[in-house]
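# Reading the structure
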Amino acid sequence: MKTLKLFLTIVLSLSLSSCAELKGDSTGANDIIFDTLIGGTGAVSVGGDQNGGAQRFLLDGQAPNVNTGANFKLNFRLPEKQSLTFHLYSFSDLTGGVNVNFSRNDGKLTMTMSLNTVSHSREIKEFENIEEVDITIDIHNDHPNAHNLMWKTSGPFGDAEECEFDGDCLYNTETFALDDDFNPLWSNAGKASGTFWGYTGDPNLIISLSGFLDALSNV
């Protein structure tokens, strides 16, 4: 009889845990030991990527569930021919989230944001020929489709549609809801699936990182 009770308890516990994971809730099973500091934030290596072996790190901090909004502050150096990718609202293996890649060629900084099957690139002229990049990103994952904004950390922090063209933000996915041919772009992207964050790249390029802060915009 005791054996049967123990078996039922284990089954019930596994069932509750599985339901929580499906909803994107944070559970005790997600506890991770972060064994190093990178940019002032706890980090743990999760191995190299599948393409070139670049280092990948899961960072300390987690959203309570996927249906939230949060801000991420990213301060890093990006010399010529280098790149970094940040994974926001990802699973613990850094998949399923919003991927924000920064690369520099001929002094120009290009940002490529991707989520699910959608990808879009823009040149960030504010950091042309400037090695240190200091930005902050809102991920509004409480929206049914991607609503993400990016600013210089020093501001301004405009969040109106097309704020990028007004100089009030660096990027707003709402500006590019449709592509140049008026087909759905971000308006059909869905949202991120996880509650973790991390990055791929050289840890020596990181100056400081802070994640899952209160969102700067509430639109």
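Since this is a predicted model, take the numbers as computed values, not measurements.

When helices and strands are tallied, the protein shows two helices and 13 strands. Scored against the burial criterion, the 219 residues of the protein give a buried share of 41%. Contacts spanning at least 24 positions in sequence make up 59% of the contacts within the protein whose residues lie at least 6 apart. Of the roughly 11300 Å² of accessible surface on the protein, a fraction of 50% belongs to carbon and sulfur atoms.

On to a negative patch on the surface, then. Taken together, the side chains of Glu161, Glu162, Asp166, Asp168 and Glu174 define an acidic patch exposed on the protein surface. Residue position: glutamate 174 is located in the loop between strand 11 (171–172) and strand 12 (196–200). According to the relative accessible area criterion, glutamate 174 is partly exposed, its value standing at 32%.

Spatially, the five strands line up as an open sheet ordered 11-10-9-4-13, and their pairing is antiparallel. Of all strands in the sheet, those with a lone pairing partner are strand 11 and strand 13 (206–213), marking the two edges. Here strand 4 (residues 69–77) pairs with strand 9 (residues 132–140) via nine bridges, running antiparallel. Bridge pairing in strand 9 places leucine 74 opposite isoleucine 135.

What counts, and where the lines are drawn
- Residues numbered from 1 in each chain as written.
- Predicted model: local features only at pLDDT ≥ 70, side-chain atom pairs only at ≥ 80, totals over all residues.
- Heavy atoms only, no water.
- Helix = DSSP H or I, 4+ residues; strand = E, 2+ residues; numbered from the N terminus.
- Buried < 20%, exposed > 50% of the residue type's maximum accessible area, 1.4 Å probe, protein only.
- Contact = heavy atoms within 4.5 Å.
- Areas by Shrake-Rupley, 256 points an atom, 1.4 Å probe, with all protein chains shown as cover.
- Patch = residues over 30% accessible without salt bridge, like charges linked within 9 Å, V, L, I, M, F, W, Y side chains within 5 Å.
- Salt bridge = Lys/Arg side-chain N within 4 Å of Asp/Glu carboxyl O.
- Lys, Arg positive; Asp, Glu negative; His and termini not counted.
- Charge placed at Lys NZ, Arg CZ, Asp CG, Glu CD.
- Pairing = 2+ DSSP bridges.

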